Amino acid sequence: MAPRLDFSDWWSKDTRKGTPVVVTMENPNYSVVEINGPDAAFMPVEKSRGKNAKQVTWVLLLKAHRAVGCVAWLATLLWALLGAIKKRLIFRQGVSMASEKMVKGRLLFTVIKLFLVTSLAILAFEVVAYFKGWHYFRYHPNLHIPRTSIEIQGLFHMVYVAWLTFRADYIAPTIQSLSKFCVVLFLIQSVDRMVLCLGCFWIKFKKIKPRIEGGDPFKSDDVEISAYEYPMVLVQIPMCNEREVYEQSISAVCQLDWPRDRILIQVLDDSDDESIQWLIKGEVAKWNQKGINIIYRHRLIRTGYKAGNLKSAMGCDYIKDYEFVAIFDADFQPNPDFLKTAVPHFKDNPQLGLVQARWAFVNKDENLLTRLQNINLCFHFEVEQQVNGVFLNFFGFNGTAGVWRIKALEESGGWLERTTVEDMDIAVRAHLNGWKFIFLNDVKVLCEVPESYEAYRKQQHRWHSGPMQLFRLCLPAIITSKIAIWKKANLILLFFLLRKLILPFYSFTLFCIILPLTMFVPEAELPVWVICYVPVFMSFLNILPSPKSFPFIVPYLLFENTMSVTKFNAMVSGLFQLGSSYEWVVTKKAGRSSESDLLAVAERETKTINQPQVYRGASESELSELNQLKELKEATPAPKKKSNKIYRKELTLAFLLLTASARSLLASQGVHFYFLLFQGVTFLLVGLDLIGEQMS
């Protein structure tokens with residue numbers, strides 16, 4: 001059915017909004033009437049006060065003003081969207097076309113364009129047939145195809161009847177079979193999501209938390225426990241061209257509360273920009289002069305991305321003196337007590353290989369894109385990783401904010417450069433070697449989420465192509481490993497296939513391909529519960545770990561379906577070992593800090609001003625070098641002009657979905673129409689890069 005504005009519900013509202021209005025009638029014989037709301041004129045009044053036509057007219061005017069305001073807001077929003085379309089698609093002002101480097105990406109774009117052209121042709125054909133009265137679903141639930149020559153009204157009608165026959169006999173069965181398959185996958189994934197949520201509820205109800213064997217040595221009055229010997233800890237900060245965040249990450253790590261003779265900090269810089277290299281060297285030299293045991297490492301040959309960087313650092317001779325290694329990416333800012341909350345879990349637990357902390361985001365409320373990312377990541381940490389850590393002692397390493405036992409890394413083969421998800425790779429190999437993992441949901445490390453859609457898109461491509469690439473490589477090792485059969489099944493069926501392959505496959509196929517096709521093939525119509533009720537319920541479960549995000553449940557559902565294009569493309573790229581599966585693009589960061597971080601920096605600067613700065617054993621040449629580095633740091637680069645990108649696959653799918661929504665009007669399918677309309681608009685907004693910040 002066509003959309004309409006229904007104001008009937010507003011008449012029955014009891015709430016009173018707005019300021020009281022005093023209406024004075026022109027006829028002096030009438031009394032002054034005070035109206036507290038739109039319905040005040042119809043409330044019981046004294047006999048001396050009666051209703052009159054002008055009061056009713058005034059109420060109707062108030063209601064009309066409210067309706068006009070709503071329509072004006074929608075018109076303004078539509079006008080702004082049309083202006084953006086005109087600016088970016090027609091005049092190309094400040095935009096650039098997103099490059100399609102991947103062969104599979106170009107192939108997918110060609111397939112989507114073919115669907116769009118076909119749907120436009122069929123829509124035009126169906127519109128003509130509709131106005132001629134050839135809509136055979138109008139009075140019958142089943143399709144009625146004219147068979148006799150008497151019912152055929154001409155050549156065009158004959159072509160239309162031939163299309164109906166071909167559609168019912170050949171196209172509809174294929175779509176029905178594929179849709180049933182996707183619905184089954186959808187239900188399996190929904191059951192998995194519900195089981196994870198029930199496990200999380202059980203953990204909350206029973207207050208299950210990882211416990212330290214023998215008690216926490218830093219929170220006990222026992223003399224033997226308090227004499228706990230601090231183990232040797234290596235801290236690594238891998239980074240590459242991180243101009244915005246290098247200073248705050250190095251500063252946070254250098255303030256870790258751990259004996260200085262029992263910790264070594266490695267700044268592993270892979271930057272190819274010499275100015276950034278000098279800035280990082282200066283920051284390392286500054287903390288080294290303050291007595292921090294910190295060193296700077298730079299590779300001349302950058303192979304293997306982050307895995308190659310970590311592998312090179314672990315090859316140093318002095319690594320044999322250290323028992324644990326903590327890893328923090330360049331934008332992560334651990335609290336000073338991080339090591340004291342994570343390292344004690346290894347005590348008297350020789351099978352423990354990894355302690356993983358949770359991420360917290362300083363910019364989660366920056367824009368709509370960061371809010372939607374926060375929903376996904378909160379569910380990932382609080383539900384997926386916490387449940388798997390408690391019940392299975394296994395989850396995927398997040399690549400940062402974790403502490404590894406160096407022995408576990410060495411026995412599992414160390415860092416390998418075969419995939420772009422080296423963190424998941426080492427976690428799977430360690431699990432196959434019998435090592436256990438612990439997830440600390442209460443220990444949070446501050447970091448950033450991408451604020452622009454371009455950066456988020458590239459990050460998601462790497463996060464979804466790498467696991468499929470890894471699955472191909474480690475499947476033989478999983479099958480031949482000595483772990484229990486149920487652990488093998490969990491790795492293959494749940495960890496890889498269900499959560500990394502099936503989820504993007506059915507999400508893209510079901511909601512972006514099959515649903516639009518069913519508008520042109522009504523015989524294969526999807527039920528409403530598949531389109532509306534179950535997805536909303538699953539989105540509701542996803543938002544439970546972040547209850548403040550409940551107002552964004554509908555944008556979250558629509559945006560996740562939109563991102564399924566990128567995830568599906570990345571999944572196929574990794575599964576078939578295409579060139580894009582080896583691509584690594586450093587996620588662009590803004591260098592934001594929390595309010596507490598800014599206050600701490602201000603306090604440290606105040607102390608520095610009040611106290612004379614002393615450099616231990618620094619020669620005049622070193623002091624002059626530090627001064628030069630300080631001048632280089634103060635020299636700010638010229639700001640780059642920000643621009644937007646146009647994403648062709650998303651735009652093409654937007655027009656496909658909007659075309660399908662127009663077709664749904666002919667069949668008077670209300671839920672299908674609204675879903676396709678809003679989903680098409682979401683694709684349009686994303687395709688025009690109207691979500692998130694602009695890229696420099």
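Calculation criteria
- Residues numbered from 1 in each chain as written.
- Predicted model: local features only at pLDDT ≥ 70, side-chain atom pairs only at ≥ 80, totals over all residues.
- Heavy atoms only, no water.
- UniProt positions renumbered as here; feature names shortened; annotations may be inferred.
- Core = buried A, V, L, I, M, F, W, Y, C linked by side-chain atoms within 4.5 Å.
- Buried < 20%, exposed > 50% of the residue type's maximum accessible area, 1.4 Å probe, protein only.
- Helix = DSSP H or I, 4+ residues; strand = E, 2+ residues; numbered from the N terminus.
- Phe/Tyr/Trp six-rings, centres within 6.5 Å; stacked < 30°, edge-to-face > 60°.
- Expected span 1.5 Å × (residues − 1).
- Axes fitted to C-alpha atoms, helices over the stretch in contact; angles between N-to-C directions.
- Parallel < 35°, antiparallel > 145°, perpendicular 65-115°, else oblique.
- Left-handed = near helix turned anticlockwise from the far one by under 90°.
- Contact = heavy atoms within 4.5 Å.
- Nonpolar A, V, L, I, M, F, W, Y, C, P; charged D, E, K, R; others polar.
- Pairing = 2+ DSSP bridges.
- 1 Å grid on protein atoms, 1.4 Å probe; cavity = no way out; pocket = protein on both sides within 12 Å on 5 of 7 lines; lining within 4 Å.
- Points joined across faces, edges and corners; volume = space filled by probe spheres on them.
- Salt bridge = Lys/Arg side-chain N within 4 Å of Asp/Glu carboxyl O.

As named in an unreviewed UniProt entry, the protein chain is Glycosyltransferase 2-like domain-containing protein, taken from Dipteronia sinensis. If you open the UniProt record of the protein chain and go to Sequence similarities (unreviewed entry), you find "Belongs to the glycosyltransferase 2 family. Plant cellulose synthase-like C subfamily." Looking at the Subcellular location (unreviewed entry) heading of the UniProt record, one finds this comment for the protein chain: "Golgi apparatus membrane".

Q: Could you give me a rundown of the nonpolar core, with the residues and numbers involved?
A: Judged by nonpolar contacts, the single largest core of 86 residues is most densely connected at I250, F338 and W404. Sort the elements by how many residues they give to this core and strand β10 (residues 436-447) lands first, with 7 residues.

Q: Lay out the packing of aromatic side chains in plain terms, naming residues and giving numbers.
A: If you walk through the whole model with that rule in mind, you get 27 aromatic pairs. Between F495 and F496, the ring centres sit 5.1 Å apart and the planes meet at 90°, which makes this aromatic pair edge-to-face. Residue class for F495 comes out buried when judged on its relative accessible area of 8%. Accessibility expressed as a relative area gives 0% for F496, which makes it buried. Arranged with centres 5.4 Å apart and planes meeting at 45°, the rings of F540 and F550 form a pair that is tilted. Residue F540 is found in helix α15 (residues 528-543), and its partner F550 is found in the loop between α15 and α16 (553-575); the two are separated by 10 residues along the sequence. Residue classification places F550 among the partly exposed residues on the basis of a relative accessible area of 28%.

Q: Provide a residue-level description of the UniProt feature "transmembrane region" (unreviewed entry) in the protein chain, including the pertinent values.
A: The positions UniProt marks with the feature "transmembrane region" (unreviewed entry) are residues 64-85, 106-131, 183-203, 491-520, 526-544 and 673-691. Spanning residues 491-520, this segment combines 100% helix with 0% strand, and its end C-alpha atoms are found 40 Å apart. As annotated, residues 526-544 comprises 84% helix and 0% strand, and the C-alpha atoms at either end are separated by 28 Å.

Q: Residue-level account of helix α7 (residues 274-289), with values.
A: Residue pairs spaced three or four apart in an α-helix point in one direction, given the helix's 3.6 residues per turn. The end-to-end C-alpha distance of α7, which contains 16 residues, comes to 22 Å, matching closely the 22 Å that a straight helix rising 1.5 Å per residue would cover. If you check which residues of α7 are buried, you get I276, Q277, L279, I280, G282, E283, V284, W287 and Q289. G291, located one to two residues past α7, shows a positive phi value of around 95°.

Q: Describe the packing of α16 against helix α20 (residues 670-687), with residues and values.
A: Axis separation between α16 and α20 bottoms out at 9 Å; the angle between their running directions is 60°. Between α16 and α20, the angle falls in the class oblique. Classified by chirality, the crossing of α20 by α16 is right-handed. Only F675, F678, Q679, T682, F683 and V686 of α20 make contact with α16, whose side of the interface consists of L558, F559, N561, T562 and V565. Class assignment of the residues belonging to the contact of α16 with α20 gives a composition of 7 nonpolar, 4 polar and no charged.

Q: Pulling in residues and values, what's your account of the pairing of strand β6 (residues 294-298)?
A: Two strands pair when backbone bridges link them, and strand β5 (residues 263-269) and β6 are joined in this way by 5 bridges, in the parallel orientation. Note on β6: the bridge partner recorded for L268 is R297.

Q: Hey, could you go over the sheet that holds strand β7 (residues 324-327) for me, with residue numbers and the actual values?
A: Strand order in this open sheet of 7 strands is β6-β5-β4-β7-β9-β8-β10, and the pairing throughout is mixed. Each having just a single partner strand, β6 and β10 make up the two edges of the open sheet. Going across the sheet, the axis of each strand differs from the next one's by a mean of 20°, ignoring polarity. Docked against the sheet, helix α6 (residues 246-254) engages β4 (233-239), β5 and β6, running at close to 175° with respect to β4.

Q: Break down empty space enclosed by the protein for me, citing the residues and quoting the values.
A: All told, the structure shown has 1 cavity of 30 Å³ or more when counted by the stated rule. Looking at the lining of the largest cavity, the element that brings in the most residues is helix α14 (residues 485-520), giving 3 residues. A breakdown of the residues in the lining of the largest cavity according to their chemical character gives 4 nonpolar, 2 polar and 1 charged.

Q: So what's going on with the pattern of salt bridges? Which residues, and what values?
A: Two side chains of opposite charge can pair, provided their charged atoms sit close to one another. The final tally for this structure, using the stated rule, is 21 salt bridges. The partner of D192 in a salt bridge is R499, and the shortest N-O contact between them spans 3.0 Å. On the criterion of sequence distance, the pair formed by D192 in helix α4 (residues 155-206) and R499 in helix α14 is long-range, its members being 307 residues apart. A residue is classified by how much of its surface remains accessible, and D192, at 10% relative accessible area, is buried. Using a relative accessible area of 16% as the deciding quantity, one classes R499 as buried. Residues R243 and D273 are paired through a salt bridge, measuring 3.8 Å at the closest nitrogen-oxygen approach. Within this pair, whereas R243 is found in the loop between β4 and α6, its partner D273 is found in the loop between β5 and α7, the two being separated by 30 residues in sequence.

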